[in-house]
Amino acid sequence: MYPFVSIIGTGWLGLPLARLLVQADCQVFGTTTREEKIELLTAEGILCNKMIFTDDASKTDIQIPWQTEILVITLPPTLVKLAPLHSYIDIIESIIHQTTHLIHLKKLLFTSSTSVYGRAKGVLTEETAIQPNAPSEETLAQAERLINEKTGDYAVYVLRLGGLVGPGREPGYFFKDKKDIPGGEISVNLVHQLDVLEIMKHIILKDTPEGTFNICADEHPTRGVFYPQRARQIGAQEATFISGNEPERYVSNEKIKKKTGYTFVYPDPLFFPSGN
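Read on for a plain summary of the structure. (Residues numbered from 1 in each chain as written. Predicted model: local features only at pLDDT ≥ 70, side-chain atom pairs only at ≥ 80, totals over all residues. Heavy atoms only, no water.)

## Some points on the overall build of the chain
No. 1: Regarding its fold elements, the chain presents 7 helices and 13 strands.
No. 2: In summary, the chain has a C-alpha radius of gyration of 19 Å against a globular reference of 19 Å for 276 residues, a match within 12%.
No. 3: Its C-alpha atoms put the chain at 55 × 40 × 40 Å along the principal axes.
No. 4: Evaluated residue by residue, the chain yields a buried proportion of 52% over its 276 residues.
No. 5: Relative to all contacts within the chain whose residues are 6 or more apart in sequence, the contacts with residues 24 or more apart total 76%.
No. 6: If you sum the accessible surface of the chain, you get close to 13000 Å²; carbon and sulfur atoms cover 51% of it. (Helix = DSSP H or I, 4+ residues; strand = E, 2+ residues; numbered from the N terminus. Rg over C-alpha atoms; globule rule 2.2 N^0.38 Å. Buried < 20%, exposed > 50% of the residue type's maximum accessible area, 1.4 Å probe, protein only. Contact = heavy atoms within 4.5 Å. Areas by Shrake-Rupley, 256 points an atom, 1.4 Å probe, with all protein chains shown as cover.)

## Some points on the packing of aromatic side chains
No. 1: Enumeration over the complete set of coordinates arrives at 7 aromatic pairs.
No. 2: Ring centres 4.9 Å apart and planes at 75 degrees place the aromatic pair F226 and Y227 in the edge-to-face group. Each member of the pair, F226 as well as Y227, carries the same accessibility label: buried.
No. 3: On the basis of an interplanar angle of 25 degrees and a centroid distance of 6.1 Å, the ring pair of Y227 and F241 is categorised as stacked. In this pair, Y227 sits in helix α6 (residues 223-234) while F241 sits in strand β12 (residues 241-242), placing the two residues 14 residues apart along the sequence.
No. 4: Looking at Y227, the relative accessible area reads 9%, which means it is buried.
No. 5: The rings of F174, F175, F226, Y227 and F241 are connected pair by pair, giving a single aromatic cluster.
No. 6: When the ring centre of W12 is taken as origin, the NZ or CZ atom of R169, which lies over that ring, is 4.1 Å away.
No. 7: Lying across the ring of F213, K255 places its NZ or CZ 4.9 Å from the centre. (Phe/Tyr/Trp six-rings, centres within 6.5 Å; stacked < 30°, edge-to-face > 60°. Lys NZ or Arg CZ within 6 Å of the ring centre and 35° of its normal.)

## Considerations on the nonpolar core
No. 1: Formed by 31 residues in total, the largest nonpolar core has its most connected members in V72, L109, L159 and I215.
No. 2: Among the secondary structure elements, those contributing two or more residues to this core are β1 (4-8), α1 (14-23), β4 (70-73), β7 (155-161), α5 (193-205) and β11 (211-215).
No. 3: With 6 residues, α5 is the largest single contributor of residues to this core.
No. 4: With near-sequence residues (within four places) excluded, L159 lies in contact with L109, F110, T111, S112, S113, M200, I203, F213 and I215.
No. 5: If you look at the next biggest cluster of nonpolar residues, it comprises 24 residues, including I62, L75, Y154 and V156. (Core = buried A, V, L, I, M, F, W, Y, C linked by side-chain atoms within 4.5 Å.)

## As for the environment of F241
No. 1: Judged by relative accessible area, F241 falls into the buried class, the value being 17%.
No. 2: Once the C-alpha coordinates of F241 and L40 are considered, the two residues, 201 residues apart in sequence, prove to be 43 Å apart.
No. 3: Not counting residues within four places of it along the chain, the set of residues in contact with F241 comprises F175, I181, G184, R223, G224, Y227 and P228.

## Notes on the pairing of β4
No. 1: Burial along β4 is two-sided: I70 and V72 and L71 and I73, pointing in opposite directions, are all buried.
No. 2: In this structure, β1 lies alongside β4, joined through 4 bridges in parallel fashion. Paired with S6 across the two strands is L71, which belongs to β4.
No. 3: The sheet contact formed by β4 and strand β5 (residues 107-113) spans 4 bridges and is parallel. Paired with L71 across the strands is L108, a residue of β5. (Pairing = 2+ DSSP bridges.)

## Thoughts on the sheet that holds β7
Each strand in a sheet pairs with another by means of backbone hydrogen bonds, the pair being arranged parallel or else antiparallel.
No. 1: Spatially, β3-β2-β1-β4-β5-β7-β11 is the arrangement adopted by the 7 strands of the open sheet, whose pairing is parallel. Where the open sheet ends on each side, the last strands, each with one partner, are β3 (47-50) and β11. Adjacent strand axes in the sheet meet at a mean angle of 20 degrees when their direction is disregarded.
No. 2: With 7 bridges joining them, β5 and β7 adopt parallel strand pairing. (Axes fitted to C-alpha atoms, helices over the stretch in contact; angles between N-to-C directions.)

Here it is as structure tokens:
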């Protein structure tokens, strides 16, 4: 029997995940902030409800079905367009509070970001102390703490995603026309959407030890090599970089590969398919 999966946030990542799970014969519920998207989701076999976000947490409305066995929270802190960063934490708290009433809940997946490592240097593993710097990084770090402090009897998976590449997110345009950008020697920490989706599907459908996991590609070319090459591949104006003396810094994905046996479809960002 395939699980009932609720996805809070059916955006760039949540919607294709919902589609993938429907294809796997899961019952899927999703939320959206857009009224016009409800019909689209329903037509694709996804149960749906509208989420209401405001800067007043008491008026934020997210209803999670009681049948939920797997809960996926994929809400970026950039919800600031709809609610300020402090309200993002209120939203996460509201969702966590609802889990106390979900008696069938077995797993909770939360998409965080490798940006929570902030200024940390060297090879960044899940054991590395995070050093969030920007407000959005601190917000995600706080959300991780809240989720890991859960009291329910369900497994928690915090997925720290690298920079996301895929449909509509072509890195060849990230630094379009810019010149003499410092940090050309810095390694990129990117991951393709397809690999994120497949890893999430694996965790949802198969026995996987709970924990925090870095999700990024195996290889980490430097910015000075990667971005100009991507620009050439798509015919965009190349950015130029200046190399400095930044210490080595890249995110390790060894833990997720070891715990799941997953092999990345796109292990090297230099060979990611076009995101156009």
